[in-house]
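Residues per chain, in single letters:
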Amino acid sequence: MLDTFKNKLKAGEVVYGPFMKTLDPAFVEIAGYAGFDFVILDMEHGPVSFENLQNLVRGAVVSGIIPIVRTEDSRDISVSKVLDAGAFGVQIPQIQTAAEVKACINAAKYFPVGQRGVCRFVRAASYSSVPFDRYLPKANKTMIILQLEGRKAIENLDEILEMEGYDIIFIGPYDLSQSLGYPGQVNHPAVIKEMELIVNKAKKRDIIVGTFTDTLSSAKNWRDAGVQYISYSVDVGIFTEACVEIIRKLKK
């Protein structure tokens, strides 16, 4: 699954997936059956815990969708623990410096790439049934997605882009808008300008870029600008919009 997903990105294809705040694996499965490419299980702004994360990951795998986890923060334990639970990748928030990038890679990868804590009695290693010589190389293929969402990240953008070992740069438009002094105004010209700067600089280095959108027009605009990893809205928002639309039509 993961190799196919990575090959799509390498071939220049665009992939889509929602953020998920649900604690019910059925909704994760539904996203897969609907045709999304990935889901982002949200531990930063959602109620997901380590205890229920594993079932959400299972729901993704069952329906053939890539489970990415947005970690609570960039601490080593926050990164390695979700990978132990079987996530196919980590999306790490609030990255601001090249040193933080290096620390994230160190936390997410085993030797010789990093120094992730080693334990084979975890779901990712099929609870020790997979031999180390097979598990460790496979584990080192999991994806690292770095969220850039503030002024400091933009100031350090060139140094961050020079780093190796991660897969995707993800622009967080809402936090970026706040950092720039326009909270929530993700379509403000100043916000768009900085987002386009990140996209263009990353593309020149053949680095895949992602971002969050919550309208179809925005998703199409960023796709046309070269963004390949597009997070479209949030499960609870999608459900809210569907409910509102149903009621609107019923009351006509």
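Above this text you will find the structure in question.
None of the values given here were measured: they were computed from a predicted structure.

### Concerning the overall build of the chain
Thought 1: Each helix and strand in the chain was counted, giving twelve helices and eight strands.
Thought 2: Structurally, the chain occupies a C-alpha span of about 60 × 45 × 30 Å along its principal axes.
Thought 3: Restricting the contact set of the chain to residue pairs at least 6 apart, pairs at least 24 apart contribute 60%.
Thought 4: Approximately 12,300 Å² of the chain is accessible, and the part contributed by carbon and sulfur atoms is 54%.
Thought 5: Across the chain, the centroid of the 29 positively charged side chains sits 4 Å from that of the 30 negatively charged ones.

### Re helix α1 (residues 2-10)
One full turn of an α-helix is made of 3.6 residues, so residues set three or four places apart face in the same direction.
Thought 1: Those residues of α1 not exposed but buried are L2, F5, K6 and L9. The arc that holds the buried residues of α1, viewed along the axis, is 95 degrees, so those residues lie on one side.
Thought 2: One or two steps after α1, the chain reaches G12, where phi turns positive at roughly 90 degrees.

### Things to note about the sheet that holds strand β3 (residues 66-70)
Thought 1: Strand order in this closed barrel of eight strands is β1-β2-β3-β4-β5-β6-β7-β8, and the pairing throughout is parallel. For this sheet, the mean angle separating the axes of adjacent strands, direction not counted, is 25 degrees.
Thought 2: Bridge analysis of strand β1 (residues 15-20) against strand β8 (residues 229-234) gives four bridges, and the strand direction is parallel. Following the sheet pairing, G17 is matched in β8 by S231.
Thought 3: In this fold helix α12 (residues 235-250) packs onto β1 and β8, with an angle of close to 55 degrees to the strand it touches most, β8.

### Observations regarding the packing of aromatic side chains
Thought 1: Applying the stated criterion to the full structure yields seven aromatic pairs.
Thought 2: With a centroid separation of 6.1 Å and 70 degrees between ring planes, the pair formed by F5 and F38 is classed as edge-to-face. In this pair, F5 sits in helix α1 while F38 sits in strand β2 (residues 38-42), placing the two residues 33 residues apart along the sequence.
Thought 3: A residue is classified by how much of its surface remains accessible, and F5, at 4% relative accessible area, is buried.
Thought 4: With 4.3 Å between their ring centres and 10 degrees between their planes, F38 and Y229 make a pair best called stacked.

### Concerning the nonpolar core
Thought 1: The biggest cluster of nonpolar side chains holds 51 residues, and the ones touching the most others in it are V39, L41, L53, I144, L146, Y166 and I169.
Thought 2: Among the nonpolar cores identified, the runner-up in size contains 18 residues, and F5, V15, I66 and F212 belong to it.

### Some details on the environment of D76
Thought 1: By the secondary structure assignment, D76 is in helix α4 (residues 76-84).
Thought 2: Sequence separation of D76 and A107 is 31 residues, and the distance between their C-alpha atoms is 5.0 Å.
Thought 3: When neighbours within four sequence positions are excluded, D76 is seen to be in contact with A103 and A107.

### Let's talk about the packing of α4 against helix α5 (residues 98-108)
Thought 1: Between α4 and α5, the shortest axis-to-axis distance is 8 Å and the interhelical angle comes to 35 degrees. Our pair here, α4 against α5, has a crossing hand that is right-handed. Of the residues in α5, those in contact with D76, V79, S80 and L83 of α4 are A103, C104, A107 and A108.
Thought 2: Counted by class, the contact of α4 with α5 contains six nonpolar, one polar and one charged residues.

### Re the pairing of β3
Thought 1: Counting buried positions over the five residues of β3 gives five, a clear majority of the element.
Thought 2: By the alternation rule, side chains of β3 split into I66, I68 and R70 and P67 and V69, which are all buried.
Thought 3: One ladder, built from five bridges, connects β2 with β3; its direction is parallel. Paired with F38 across the two strands is I66, which belongs to β3.
Thought 4: Following the backbone out of β2, through helix α3 (residues 50-62) and into the adjacent parallel β3, one traces a crossover that is right-handed.
Thought 5: Sheet topology note: the β3/strand β4 (residues 89-92) ladder contains three bridges and is parallel. The residue of β4 that forms the bridge with V69 is V90.
Thought 6: In this fold, the crossover linking β3 to β4 by way of α4 has right-handed handedness.

Cut-off values and rules
- Residues numbered from 1 in each chain as written.
- Predicted model: local features only at pLDDT ≥ 70, side-chain atom pairs only at ≥ 80, totals over all residues.
- Heavy atoms only, no water.
- Helix = DSSP H or I, 4+ residues; strand = E, 2+ residues; numbered from the N terminus.
- Contact = heavy atoms within 4.5 Å.
- Areas by Shrake-Rupley, 256 points an atom, 1.4 Å probe, with all protein chains shown as cover.
- Lys, Arg positive; Asp, Glu negative; His and termini not counted.
- Charge placed at Lys NZ, Arg CZ, Asp CG, Glu CD.
- Buried < 20%, exposed > 50% of the residue type's maximum accessible area, 1.4 Å probe, protein only.
- Arc of directions from axis to C-beta.
- Pairing = 2+ DSSP bridges.
- Axes fitted to C-alpha atoms, helices over the stretch in contact; angles between N-to-C directions.
- Phe/Tyr/Trp six-rings, centres within 6.5 Å; stacked < 30°, edge-to-face > 60°.
- Core = buried A, V, L, I, M, F, W, Y, C linked by side-chain atoms within 4.5 Å.
- Left-handed = near helix turned anticlockwise from the far one by under 90°.
- Nonpolar A, V, L, I, M, F, W, Y, C, P; charged D, E, K, R; others polar.
- Right-handed = clockwise from strand over helix to strand, strands pointing away.

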